[in-house]
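Observations on the model geometry
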Amino acid sequence: MKIGIILGTRPEIIKMSPLIRECEKRNLKYFILHTGQHYSYEMDLAFFDDLELPKPKYNLDVGSGSHAEQTGKIMVGIEEIINKENPDIVLVQGDTNTVLAGALTASKMHIKVGHVEAGLRSYDRRMPEEINRVITDHISNYLFAPTKIANDNLLEEGIGRHKVFMTGNTIVDAVYQNLKIAENKVDILKDLDIQSKEYFLITAHRAENVDSRERLEKILKGIVALQKEYSLPIIFPIHPRTENRIREFGFSLDGIRTTKPLGFLDFLQLEANAKLVFTDSGGVQEETCIMGIPCITLRDNTERPETLEVGSNMLAGVESDSIIQSAKKMMSEEKNWLNPFGDGKTAEKIIDILRIR
Ligand code: UD1
Ligand code: UDP
């Protein structure tokens, strides 16, 4: 069996890494196709270096663009490579334009598609990711749902039971595999001159937050209000989309400790030692939940309701008052929830399923 692993952005490299390692370990026939949706060193190559992954066999170098432009370019590039490689199955992960383009192209070429992290729903069609997820799920042959909620979402939408497998999320594998490595390889707290549990960590990059002048301004005001309330350092590794918008809107970052996007080992260590994490990222909501760190999500909804159920996460939206009240509440509560995203053996399970069938 030949597997095509399609990826293109930071979170896909991280969440595909356990599957790549599993293919290597079992000496399987596979290739990595990078679409080049992310291309800056800190959003791309840094993760191949950090995670010691083999370099992709193909890189389409599609770069940034409008949704149609990016999705279309990826489809054209993937078609050519599928024709050449003729894989038995392609795997896509998550909900980016790379995922939609990969699944759509492969399924039209009658190549089987496995969707890793299937069944997530925010029920908010204004998010491009929600459209990508729904379409990808409905054209995939293997749906690897991370949790019972995701599994049930798929069944409720009429997707055949035989296609759906509850496997956990590969992010648990990635966290378990890399947290120890991080301890030995990096010391980001020392680099930033901060103490464990004495700082807040923030990330924000969702288009619906940072492309809106009003919402981004509110998020930055909320961060400044937090700083006033707690007098703790606030570390903000800035995603390139957010950096561009802050510049375009002419917003100030005074009082906030910003950094470039960080490598995975550095970022994992920062999360694991934070007092509290504020984010609109999907992966960060999961990682904080897995590592026992409280999280506040700067959104009005989430496709990760498991984190709300277990109590690791709260939705605060972007208003300062709500951010401060949520922070107070999260810091006053006990942190002993169970991780709902699996046992760290998701990649093993996925490859077993593909090889059994
Ligand atoms: C994409 C995904 C989003 C995911 C995120 C992970 C879609 C629709 N969105 O959003 O679901 O959560 O990746 O981080 O697929 N840029 C660079 N260097 C890069 C990449 C991007 O400078 O390596 C800048 C460009 O100005 C670009 C902007 O960031 O226009 C946005 O990049 P894009 O890939 O379109 O979307 P993301 O916001 O990264
Ligand atoms: N991440 C990282 N460095 C950073 C910020 C995030 O390595 O500076 C990692 C984080 O640990 C998580 C992933 O990037 O695994 C999340 O990616 P992102 O927030 O860009 O996308 P999303 O998960 O929202 O799709």
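Attention here is on the structure that accompanies the text. Note that the coordinates shown come from a computational prediction; the quantities given were computed from them, not determined experimentally.

Before going further, it helps to examine the layout of surface pockets. Quantified by volume, the second largest pocket comes out at close to 150 Å³. If you trace the second largest pocket, you find it lined by Asp124, Arg126, Met127, Glu208, Arg215, Arg299, Asp300 and Asn301.

This paragraph deals with the site of ligand 2. Around ligand 2 sit 17 residues in total, of which Arg10, Leu262, Ser281, Gly283 and Glu287 are the nearest. Between ligand 2 and the protein, one listed contact pairs an oxygen atom with a side-chain N or O atom of Arg206 at 3.2 Å. Computed on the free molecule, ligand 2 has an accessible area of 540 Å², of which 95% lies beneath the protein chains in the complex. Counting residues per element, the ones that place at least two in the shell around ligand 2 are helix H1 (10-25), helix H12 (264-273) and helix H13 (282-291). Among the residues making up the shell around ligand 2, the classes are represented as eight nonpolar, five polar and four charged.

Time to look at the side chain of Thr242. Inspection of the secondary structure puts Thr242 in helix H11 (residues 240-249). Look at Thr242 and you get buried, because its relative accessible area is 0%. Apart from residues lying up to four places away in sequence, Thr242 is in contact with Ala204, His205, Val210, Leu216 and Phe236.

Another point: the site of ligand 1. Near ligand 1 lie 20 residues; those nearest to it are His38, Ser40, Glu129, Arg206 and Arg241. Out of a free accessible area of 740 Å², ligand 1 has 87% covered by protein chains. Every element with two or more residues in the shell around ligand 1 is listed here: helix H3 (67-85) and H11. A total of three residues in the shell around ligand 1 trace back to one element, the largest contributor, which is H11. A per-class count over the shell around ligand 1 returns four nonpolar, 12 polar and four charged.

A separate point is the pairing of strand S11 (residues 276-279). By the alternation rule, side chains of S11 split into Leu276 and Phe278 and Val277 and Thr279, which are all buried. The pairing of strand S8 (residues 200-203) with S11 spans four bridges and is parallel. When the bridges of S11 are listed, Phe200 appears paired with Leu276. Crossover S11 to strand S12 (residues 295-297) through H13 is right-handed.

Sheet strands pair via backbone hydrogen bonds, and the direction of the pair is either parallel or antiparallel. Taking strand neighbours across the sheet as the criterion, the six strands line up as S10-S9-S8-S11-S12-S13 in an open arrangement whose pairing is parallel. Sheet topology places strand S10 (257-259) and strand S13 (313-315) at the edges, where each strand pairs with a single neighbour. Shown here is a sheet whose adjacent strand axes are inclined to one another by a mean of 20°, direction ignored. Here S8 runs beside strand S9 (residues 234-237); their pairing, made up of two bridges, is parallel. If you follow Phe200 over to S9, its bridge partner there is Ile234. Strands in contact with H13 are S8, S11, S12 and S13; relative to S11, the strand with the most contacts, it is inclined by about 160°.

Calculation notes
Residues numbered from 1 in each chain as written. Chains lettered and ligands numbered in written order. Predicted model: local features only at pLDDT ≥ 70, side-chain atom pairs only at ≥ 80, totals over all residues. Heavy atoms only, no water. 1 Å grid on protein atoms, 1.4 Å probe; cavity = no way out; pocket = protein on both sides within 12 Å on 5 of 7 lines; lining within 4 Å. Points joined across faces, edges and corners; volume = space filled by probe spheres on them. Near = heavy atom within 4 Å. Polar contact = N/O pair within 3.5 Å; in protein donor to acceptor, adjacent residues only side chain to side chain. Areas by Shrake-Rupley, 256 points an atom, 1.4 Å probe, with all protein chains shown as cover. Helix = DSSP H or I, 4+ residues; strand = E, 2+ residues; numbered from the N terminus. Nonpolar A, V, L, I, M, F, W, Y, C, P; charged D, E, K, R; others polar. Buried < 20%, exposed > 50% of the residue type's maximum accessible area, 1.4 Å probe, protein only. Contact = heavy atoms within 4.5 Å. Pairing = 2+ DSSP bridges. Right-handed = clockwise from strand over helix to strand, strands pointing away. Axes fitted to C-alpha atoms, helices over the stretch in contact; angles between N-to-C directions.

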